[in-house]
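Chain by chain, the residues run as shown.
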Amino acid sequence: MAEEGTSPLLKKEYHPGCPGCAYDRKKDLRRGMPYKEFLYVWMICLTAALPISSLFPFLYFMIRDLHVAKRTEDIGFYAGFVGASFMFGRCLTSTVWGIAADRIGRKPVVVFGIFSVVIFNTLFGLSVSYWMAIGTRFLLGALNGLLGPIKAYAIEVCRPEHEALALSLVSTAWGIGLIIGPALGGYLALPAENFPNVFSPDSFFGRFPYFLPCLCTSVFAAAVLISCIWMPETLHKHKVSANGNQSVEALETHLIDPKEKVEKSGNLDTKKSLFKNWPLMSSIIVYCVFSFHDMAYTEVFSLWAESDKKYGGLSLSSEDVGQVLAVTGASLLLYQLFIYPRINKILGPIKSSRIAAILCIPILFAYPYMTYLSEPGLSIILNIASVIKNNLAVTIITGTFILQNNAVPQDQRGAANGLSMTGMSFFKAVAPAGAGIVFSWAQKRQHAFFFPGDQMVFFLLNMVELLGLILTFKPFLAVPEQYDRS
């Protein structure tokens, strides 16, 4: 065992003054899990997730109070653009932030991203016009380049045997943020109405009724920003070779000899274009398809659960839906920490993703028939279905994270994750609008012969899931060599 632990030190060359080498030396000497670095990953992912989700419970009322919609029926139309502006901004800049993380380091990009959350999330809560709300959300998305670099960082701070847990922490923190965020937004918006004994209508929070939930998120982000002073850098900043300047060239097109081979030892050509790296690109496409499905499902679930039973819904209140999401969030934490790493160790990221996608299909098929259930059976079945569905979804997403990060060398990892975030953000910007349109159309065809009402919505969700499942097989999905054994 001692020989095993010291052998990396004999083989590796550590360059003085390089933060990546310093951290690698520390990692090679330490056999256990890097709990402090994992805590940074957790907090930063939570900081990235909270601003995305916290506005949805109060967005309808915010648009109403900004008086931009002439009719009540138009509020949803205007709200959709505010929701999409964040993802649109992130879509435009994710690749740039990934390149920056490969060039100047993970830590500076992360620090700047958290700083942008503090500033623009606060300004969003102070919005006095529709265009101010659109502008602050767009800038929040465009300047918040956190998720791509932190996924690269999560892989780099741990030994190979802990990679699955590291990336599952990213997914879990993200999922928990999407649960805590709506709770903050729902309970803390309109404080003068909900807590009249504490906040008067003439107070600051009475005049800016949507500032309090944004302020809470910004205060948390500010605390994380301060803690990042002690966050270690993992990027290697020494010259690897004469052709070793990597990041911008990684996204440029180069003339590469078609007979050129990548040696099994892993000495990848650092100038190889990411777009020519099919293991990476195929896993990104699979990731985007499943991200589209998950975002559409998230949008549809609340609409379906709160719609009237005569339209095929469940007639649940917002509190009921919030309780289901809270239970699901707690289950995600337990699943990712204790169950998923074992599943990944036994099945690997590809097989586990395929099995999860197959199991999702019958669960989604059963959703429309829950409308025939009554309490308490309805709550029990709905909670079980939501827990299983969301944990299966996280299994798929985490599997694609692992494939993406192992398809490129370290000097391209930030750019690769940025490219992945660009594609995902585009699909996630389109999914809510598309899901809303389909849901509205489906509710008008309650007596159709072919999948009436909400059955059509879940049928189409299953078609997207099936497409993603098909794409996980050869010849489409090309996988890194270490996973290509089945």
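Each value, and the rule that gives it
- Residues numbered from 1 in each chain as written.
- Predicted model: local features only at pLDDT ≥ 70, side-chain atom pairs only at ≥ 80, totals over all residues.
- Heavy atoms only, no water.
- Phe/Tyr/Trp six-rings, centres within 6.5 Å; stacked < 30°, edge-to-face > 60°.
- Buried < 20%, exposed > 50% of the residue type's maximum accessible area, 1.4 Å probe, protein only.
- Helix = DSSP H or I, 4+ residues; strand = E, 2+ residues; numbered from the N terminus.
- Axes fitted to C-alpha atoms, helices over the stretch in contact; angles between N-to-C directions.
- Parallel < 35°, antiparallel > 145°, perpendicular 65-115°, else oblique.
- Left-handed = near helix turned anticlockwise from the far one by under 90°.
- Contact = heavy atoms within 4.5 Å.
- Patch = residues over 30% accessible without salt bridge, like charges linked within 9 Å, V, L, I, M, F, W, Y side chains within 5 Å.
- Areas by Shrake-Rupley, 256 points an atom, 1.4 Å probe, with all protein chains shown as cover.
- Salt bridge = Lys/Arg side-chain N within 4 Å of Asp/Glu carboxyl O.
- Core = buried A, V, L, I, M, F, W, Y, C linked by side-chain atoms within 4.5 Å.
- Arc of directions from axis to C-beta.
- Polar contact = N/O pair within 3.5 Å; in protein donor to acceptor, adjacent residues only side chain to side chain.
- pLDDT = per-residue confidence, 0-100.

A.B. asks: Got a minute to help me understand the packing of aromatic side chains in this structure?
C.D. replies: Any pair of aromatic rings gets described here by the distance separating the centres and the angle formed by the planes. Taken as a whole and assessed by the stated rule, the structure comprises 24 aromatic pairs. Aromatic pair phenylalanine 205 and phenylalanine 211: ring centres 5.9 Å apart, planes at 25°, arrangement stacked. Among the residues examined, phenylalanine 211 registers a relative accessible area of 8% and is labelled buried. Measuring from ring centre to ring centre gives 5.9 Å for tyrosine 297 and phenylalanine 301, while their planes differ by 40°; the resulting arrangement is tilted. Taken together, the residues span about one helical turn, with tyrosine 297 and phenylalanine 301 both in helix α14 (residues 278-306) at a distance of four residues. The class for phenylalanine 301 is buried, based on a relative accessible area of 4%. An aromatic cluster of three or more residues is present, and its members are Phe199, Phe204, Phe205, Phe208 and Phe211.

A.B. asks: I would appreciate a short explanation of unusual backbone geometry in the present structure.
C.D. replies: A negative phi angle is the norm for most residues apart from glycine, just as the trans form is the norm for most peptide bonds. At the junction of glutamate 375 and proline 376, the peptide bond is cis and its omega measures out at 0° in the coordinates. By secondary structure assignment, the location of proline 376 is in the loop between α15 (318-366) and α16 (377-406). The step from lysine 474 to proline 475 runs through a cis peptide bond, and the omega angle for that step is 10°. Tracing the backbone through its elements, the reader meets proline 475 in the segment after α18 (454-471). Of note, the phi angle at histidine 67 is positive, near 60°, even though the residue is not glycine. By secondary structure assignment, the location of histidine 67 is in the loop between α4 (56-66) and α5 (75-104). Exposure remark for histidine 67: the relative accessible area of 68% places this residue in the exposed category.

A.B. asks: Is there a simple way to explain the packing of helix α9 (residues 163-188) against α16 in this structure?
C.D. replies: Helices that pack against each other are described as a pair by the angle of their axes relative to one another and the distance between those axes. Closest axis-to-axis distance for the α9/α16 pair is 9 Å, and the angle between their directions is 125°. When the axis of α9 is compared with that of α16, the two are oblique. For the crossing formed where α9 meets α16, the hand is right-handed. Across the interface between the two elements, Glu163, Ala164, Leu167, Ser168, Val170 and Ser171 from α9 touch Val394, Ile397, Thr398, Phe401, Ile402, Asn405 and Asn406 from α16.

A.B. asks: What is the right way to look at the side chain of serine 353 in this model?
C.D. replies: On the secondary structure map, serine 353 appears in helix α15. In this structure, serine 353 is in contact with Thr395, Ile396 and Gly399, ignoring residues within four places of it in sequence.

A.B. asks: When you look at a nonpolar patch on the surface in this model, what are you seeing that I'm missing?
C.D. replies: Taken together, the side chains of Leu373, Ile380, Ile381, Ile384 and Ile388 make up a nonpolar region of the molecular surface, amounting to roughly 410 Å² of accessible area. On the secondary structure map, isoleucine 384 appears in helix α16.

A.B. asks: What's the story with the nonpolar core in this structure? I'm lost.
C.D. replies: For soluble globular proteins, the rule of thumb is that nonpolar side chains tend to be buried together. If you look at the biggest cluster of nonpolar residues, it comprises 87 residues, and the most contacted ones within it are Ile44, Trp304 and Tyr367. If one sorts the elements of this core by residue count, α14 sits on top with 11 residues. Phe58, Leu66, Phe124 and Tyr130 belong to the second largest nonpolar core, which has 16 residues in total.

A.B. asks: What should I look at first to understand helix α2 (residues 19-29) in this one?
C.D. replies: Note that an α-helix has 3.6 residues per turn; residues three or four places apart therefore point the same way. Among all positions in α2, only Gly20, Cys21, Tyr23, Asp24, Lys27 and Asp28 are buried. Buried residues of α2, viewed axially, fall in a sector of 165°; they line one side.

A.B. asks: It is not clear to me how the side chain of threonine 371 should be interpreted in this structure. Could you clarify?
C.D. replies: Here threonine 371 is to be found in the loop between α15 and α16. Of the polar contacts made by the side chain of threonine 371, one reaches the backbone oxygen of glycine 313; its length is 2.8 Å. If sequence neighbours within four positions are ignored, threonine 371 has contacts with Lys309, Gly312, Gly313 and Leu314.

A.B. asks: Just checking my understanding: could you explain the confidence of the model for the chain for this structure?
C.D. replies: Parts of the prediction with low pLDDT should not have their coordinates interpreted in detail. Per-residue confidence for the chain averages 80 on the pLDDT scale, and 86% of its residues sit at or above 70. By mean pLDDT, helix α13 (residues 247-251) is the weakest element of the chain at 40, and helix α12 (residues 211-227) is the strongest at 95. Throughout residues 1-10 the model reports pLDDT below 50, and contacts reaching past four residues in sequence, or to other chains, amount to nine contacts. With pLDDT under 50 throughout, residues 241-271 is counted as low confidence; its partners more than four residues away or in other chains account for 42 contacts.

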